[in-house]
Amino acid sequence: MTNLPKSLFLNKNAKNTPLIIHGQCVFIFKITKNVKEIVFSLNNTDKVNNIFVKFNTKKIVVYNSNLNETYVDNNNKSGLIDNEDAIYWFSFDSQNQILKAGIGEARPDTIIYEYDFSYTFKEKKYEKNKIYLESFTNLKYYENILPIKLLRDPIVSNIPLKIKNTNELTMNDVAENKYLPHSNLSQTSQQLYDCISGTKFILDDDDFPDFSKAIEYSIATPGLWCHEKLKSKSTEFNPSTPDLNETYLRITLGKNSGESPGIPYVLEIWPSNHYSPIHSHAATDAIIRVLYGEINVKLFPFLSKKTIEPFGTKVFKKDDITWISPELNQVHQLINLNNESTCITIQCYMYGEKNRIHYDYFDYISEDNKLEQYEPDSDMDFVDFKLLMKKEWTNKSK
């Protein structure tokens, strides 16, 4: 990489952006179509120190022009991929002295390149290198790079998918990184979490202790509302290819106040073996709690018209609470693999304060691998639904 073209230094189209904190960042970006190689750089204020990052179709290489050093990960065998939907990221970490890069959401699960300077705390080189890396203040990117976001903090470890309330957390939970403290959620997600995480936020309450049984009965019985509504939705995601299993019910709580894609609080009902298409979540914050049964969640690195594999799968059981942020857990597929029980979740969505787009759709991949828009709608209001389930349950014994 020492033969960097002079055009990089003279490129009038190059764009500079300051790092939020000196010496650390995550740069998330896409590339223009049919590009085989891209380069961007990190530099200090006087631009004496430059670190160039090159992605091509074979690998990722990082070159320090000031020290004439190349930082190679011998395990790295890929870089840019043949997928125009792909998202890429690069993490610069002066505190831990590690460089990382990946494809998809910026997280350890999607890493394809990692370089550790491998100095211990006791070595003089450690402190010297730390100071040197902290001197980097700007990121410069060039044409063919489409920036998505510059994050403040580098990628250090996975963020747990399950949330625990502060009163339930132990020191072991924090030390072992097993749960995400609810206080670590964004302000928007905390608001959603506080609304639906209480002990009285349950289906089978004193008002209707057989609510979950009534829902199961309605799903299983031809002629009743849940059973018939699910049948009517069999072409919702693929009009030309009916699929009863690719359906679920959306029972909404409250009104659409313009702060979320659709109504922010949605009771979702997933019969056994029913599933969603692979879909994304409009860059919203979200909180999901399992109220009944269990749900299997596949996480994907990005939404793609080409077939891609999930990077992780997680099962959430009754009272488990998980989360979505604008940067993480945005693309997933839900499926109820429990043959003996319906799953019922409460899904809560809200745009963060900095969101100025308020995109009103969930994008999903259809069976013919096309990117489609789904406008989150309501199958019924919660109050009306509960009354209907009571009526059907009461009539059951007549």
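Structure first, text after, so check above.
Scoring rules and cut-offs
- Residues numbered from 1 in each chain as written.
- Predicted model: local features only at pLDDT ≥ 70, side-chain atom pairs only at ≥ 80, totals over all residues.
- Heavy atoms only, no water.
- Pairing = 2+ DSSP bridges.
- Helix = DSSP H or I, 4+ residues; strand = E, 2+ residues; numbered from the N terminus.
- Axes fitted to C-alpha atoms, helices over the stretch in contact; angles between N-to-C directions.
- Buried < 20%, exposed > 50% of the residue type's maximum accessible area, 1.4 Å probe, protein only.
- Contact = heavy atoms within 4.5 Å.
- Core = buried A, V, L, I, M, F, W, Y, C linked by side-chain atoms within 4.5 Å.
- Phe/Tyr/Trp six-rings, centres within 6.5 Å; stacked < 30°, edge-to-face > 60°.
- Lys NZ or Arg CZ within 6 Å of the ring centre and 35° of its normal.
- Salt bridge = Lys/Arg side-chain N within 4 Å of Asp/Glu carboxyl O.

Pairing between sheet strands relies on hydrogen bonds along the backbone, with the strands arranged either parallel or antiparallel. Spatially, S18-S17-S20 is the arrangement adopted by the three strands of the open sheet, whose pairing is antiparallel. With one partner strand each, in any of the chains shown, strand S18 (312–317) and strand S20 (332–335) form the two edges of the open sheet. Adjacent strand axes in the sheet meet at a mean angle of 20 degrees when their direction is disregarded. By the bridge criterion, six bridges tie strand S17 (residues 294–299) to S18 in an arrangement that is antiparallel. Along S18, the bridge assignment pairs Glu294 with Lys317.

Along helix H6 (residues 225–232), the positions that sit buried rather than exposed are Trp225, Cys226, His227 and Leu230. Against the buried residues of H6 lie helix H5 (211–220), strand S14 (249–253), strand S24 (380–381) and helix H7 (382–396).

Nonpolar side chains tend toward joint burial in soluble globular proteins. Judged by nonpolar contacts, the single largest core of 34 residues is most densely connected at Phe29, Ile38, Phe40, Phe55, Phe90 and Phe92. A per-element tally of this core places strand S2 (residues 24–31) first, with four residues. What Phe29 contacts, discounting residues up to four positions off in sequence, is Ile38, Phe40, Phe55, Ile87, Tyr88, Trp89, Ile145, Leu146, Pro147 and Ile148.

Turning our attention to the packing of aromatic side chains. Two descriptors summarise a pair of aromatic rings, namely the distance from one centre to the other and the angle between the planes of the rings. In total, this model carries 25 aromatic pairs according to the counting rule given. With a centroid separation of 6.3 Å and an interplanar angle of 35 degrees, the aromatic rings of Phe40 and Phe55 are classed as tilted. One end of the pair, Phe40, is in strand S3 (residues 37–44); the other, Phe55, is in strand S4 (residues 50–56), and 15 residues separate them in sequence. Residue classification places Phe55 among the buried residues on the basis of a relative accessible area of 0%. Above the face of the Tyr179 ring, Lys164 is positioned so that its terminal group lies 4.3 Å from the ring centre. The ring of Tyr248 is capped by Lys233, whose NZ or CZ atom sits 5.6 Å from the centre of that ring.

Taken in spatial order, the five strands line up as S9-S8-S7-S2-S11 in an open sheet, and their pairing is antiparallel. Both outer strands of the open sheet, strand S9 (111–116) and strand S11 (145–151), are each paired with one neighbouring strand and no more. The average angle at which neighbouring strand axes cross in this sheet is 15 degrees, direction not considered. Examined bridge by bridge, strand S7 (residues 88–93) and strand S8 (residues 98–103) share six bridges and lie antiparallel to one another. Looking at the pairing, Phe92 lines up with Leu99 of S8.

By secondary structure assignment, the location of Asn144 is in the loop between strand S10 (136–141) and S11. On the basis of relative accessible area, Asn144 is assigned to the partly exposed category, the value being 35%. For the pair Asn144 and Lys36, spaced 108 residues apart in sequence, the C-alpha to C-alpha distance is 9.9 Å. With sequence-adjacent residues up to four places away left out, Asn144 is seen in contact with Lys30, Ile31, Thr32, Val35 and Ile38.

We now examine the pairing of S4. For S4, the buried fraction is high: seven of the seven residues fall into the buried class. Going residue by residue along S4, you find Asn50, Phe52, Lys54 and Asn56 tucked away on one face and Ile51, Val53 and Phe55 tucked away on the opposite face as well. Both S4 and strand S5 (residues 60–64) contribute to a ladder of five bridges, which runs antiparallel. Bridge pairing in S5 places Phe55 opposite Ile60. Taking the residues that link successive antiparallel strands as the turn, the S4-S5 hairpin has three residues.

A separate point is the pattern of salt bridges. When their charged atoms lie close together, side chains carrying opposite charge are able to pair. Taken as a whole and judged by the stated rule, the model has 21 salt bridges. The salt bridge involving Asp85 is made with Lys305; its shortest N-O contact spans 2.9 Å. Taken together, the positions of Asp85 in the loop between strand S6 (69–71) and S7 and Lys305 in the loop between S17 and S18 put the pair 220 residues apart, joining distant regions of the chain. Overall, Lys305 belongs to the partly exposed group, its relative accessible area being 29%. As a salt-bridge pair, Glu327 and Lys149 come within 2.5 Å of each other at their nearest N and O atoms. Taken together, the positions of Glu327 in the loop between strand S19 (321–324) and S20 and Lys149 in strand S11 put the pair 178 residues apart, joining distant regions of the chain. Salt bridges sharing common partners tie together Lys33, Glu84, Asp85 and Lys305.

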